[in-house]
Amino acid sequence: MVKPRRFEHVMRVAELAQCIALANGIDPGLAYWAGVLHDVARDLPDAELLRLAPPECGIDAAHPLALHGRAGRSLIEHWGLTGRSLHERLILEAVEDHTTGPRPGNGVSACVYVADVSEPGRGVNADIRDLALHDLPSALHRAIVSKVTYLQGRGIEVHPRTLSTYHSLR
């Protein structure tokens, strides 16, 4: 469902999420599979993203790409991963939240979020990646603060879910 270049990114995220999880006492298998699935809806057309994940706010409506995490969760649920078990719920939340920031208490989601913003193919955030391999909470804090600071510094509205994550880490 993703283009070849995106698939390479997906695999780097999955592998890094697995390493981060292992280094931080989080289930590496769950982190890996959440990483594999995180961008499943990333290359869908805007109309399909809007269908799978109706906008919750103006940012979603104006920038449907912001919905690809929630749309990915919808697709995966449709495929049969229901969220009834804890493991399924952790994976679904990680896919949904990788664009806006993890919910408190979901270490799998934190691994995927940090891996997504710092995987080596991006060429940025190596400091966050290195920090995550021994201190995931600090790496997550740095990643979220960096994102919010960047967006606000450019006058770009920050997604309410990202702001919620940002405030939960303060």
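Residues numbered from 1 in each chain as written. Predicted model: local features only at pLDDT ≥ 70, side-chain atom pairs only at ≥ 80, totals over all residues. Heavy atoms only, no water.

K.L.:
Provide a residue-level description of the overall build of the protein chain, including the pertinent values.
P.N.:
Along the backbone of the protein chain there are ten helices and zero strands. Going residue by residue from the N terminus, the α and β elements of the protein chain occur as α-α-α-α-α-α-α-α-α-α. Here the C-alpha atoms of the protein chain give a radius of gyration of 15 Å, agreeing with the 15 Å that 2.2 N^0.38 yields for 170 residues. Structurally, the protein chain occupies a C-alpha span of about 40 × 40 × 30 Å along its principal axes. (Helix = DSSP H or I, 4+ residues; strand = E, 2+ residues; numbered from the N terminus. Rg over C-alpha atoms; globule rule 2.2 N^0.38 Å.)

K.L.:
Quick one: what's the story with the nonpolar core, residue by residue and with numbers?
P.N.:
Ranked by size, the top nonpolar core spans 31 residues in total, and within it I20, V108, C111, V114 and L136 carry the most contacts. At the level of elements, α1 (4-23), α2 (28-37), α6 (86-97), α7 (107-118), α8 (126-132) and α9 (136-153) are the ones that each hand at least two residues to this core. Sequence-distant contacts of V114, defined by excluding residues within four places in its chain, comprise I20, I128, A132, L136, A139 and L140. Residues A53, I76, L92 and V95 belong to the second largest nonpolar core, which totals twelve residues. (Core = buried A, V, L, I, M, F, W, Y, C linked by side-chain atoms within 4.5 Å. Buried < 20%, exposed > 50% of the residue type's maximum accessible area, 1.4 Å probe, protein only. Contact = heavy atoms within 4.5 Å.)

Any link to function would need more than the numbers given here.
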